[in-house]
Amino acid sequence: MEKKDGDMSENANPSEKAVETPQEEVAADEAYFFHPLQFSEDEEVLDVEEIEKHKAEFEQKLQELLRSISEETLQLSEFLMEEDKLIKELCTSFKQVLKKLKVSFYIPPREIPIKAKVKKVILNEECHLILVYEKGEVHSAFLAEYPPEIVMATLLVTMPELAKAIMLYRKRISTRVNFFGRIKKELKNVVKAIVRSEETVETEKESMDAVKSALNNESRES
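Residues numbered from 1 in each chain as written. Predicted model: local features only at pLDDT ≥ 70, side-chain atom pairs only at ≥ 80, totals over all residues. Heavy atoms only, no water.

S.K.: How do you make sense of the sheet that holds strand β2 (residues 118-123) when you look at a structure like this?
M.R.: Sheet strands pair by backbone hydrogen bonding; their relative direction is either parallel or antiparallel. With antiparallel pairing, the four strands of this open sheet are ordered in space as β1-β2-β3-β4. Only two strands of the sheet have a single partner each, and these edge strands are β1 (105-107) and β4 (138-142). Direction aside, the axes of adjacent strands within the sheet are offset by 20° on average. Where β1 lies against β2, three bridges are found, and the strand directions are antiparallel. Bridging from a neighbouring strand, Y106 pairs with I122 of β2. (Pairing = 2+ DSSP bridges. Helix = DSSP H or I, 4+ residues; strand = E, 2+ residues; numbered from the N terminus. Axes fitted to C-alpha atoms, helices over the stretch in contact; angles between N-to-C directions.)

So this is what it looks like as structure tokens:
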């Protein structure tokens, strides 16, 4: 009989042995989760004073963090306003220079941070940035109306070219100044010659009048 019982236990259905109770399943699942704060039955619970201490420290750190965010936000707002103002003033001055010099710039499309495919970029005398897309679309707007990144990229490319344009303009002005200076000098010489001639004629006339007057006086006396 004992052997029979043993055989029966060995021949038992394996699936019945693998069945777990709900409590065992919950315990297995909990093993895979991280519990940041877990107390065993014999572990002492934090007292009220320590909890309050941790709470106060957390509140202090939170206040410092919020204060820092507020200060950074305020400074960010000021910088954004100042940046917008500077860009408008800068582009207005740039426009005046370009119109005076009568120059435009062709900018390599790869230098402009634009996601769309652009085949041609032009900055004209009115300081309008013209974008010609590969599909044939054209977009034109005052440079200050573009995002700051595009404005900065445009200036980095055009400033060296602007310096060359200013140098050429200065040379043209220098040539004109030299020309006007030489003409002025010659005209002054002409004026001096004319004035000197007139003074000589006037002097000779006065001398002749004096001689005639003397002769007339002598004839009367005789």
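Read on for the rest.
S.K.: I would appreciate a short explanation of the side chain of T154 in the present structure.
M.R.: Position of T154 among the secondary structure elements: in helix α5 (residues 148-221). Among the residues examined, T154 registers a relative accessible area of 0% and is labelled buried. Not counting residues within four places of it along the chain, the set of residues in contact with T154 comprises I107, I112, L123, L129 and L143. (Buried < 20%, exposed > 50% of the residue type's maximum accessible area, 1.4 Å probe, protein only. Contact = heavy atoms within 4.5 Å.)

S.K.: Explain the nonpolar core to me, please; I cannot follow it from the model alone.
M.R.: Ranked by internal contacts, the top residues of the largest apolar core, which has 28 residues, are F94, L98, L123, L129 and L143. Looking at this core, the element that brings in the most residues is α5, giving seven residues. Look past the residues within four positions of F94 in its chain and what remains in contact with it is F105, L123, C127, L143, L155, T158, M159 and L162. (Core = buried A, V, L, I, M, F, W, Y, C linked by side-chain atoms within 4.5 Å.)

S.K.: How should the pairing of β4 be read in this particular structure?
M.R.: On any regular strand, side chains alternate: one points to one face of the sheet, the next to the other face. As paired elements, strand β3 (residues 128-133) and β4 share five bridges and run antiparallel to each other. Each residue of the ladder has a partner; that of H128, found in β4, is F142. Between β3 and β4, which follow one another and run antiparallel, lie four residues, and G136 among them has a positive phi close to 100°.

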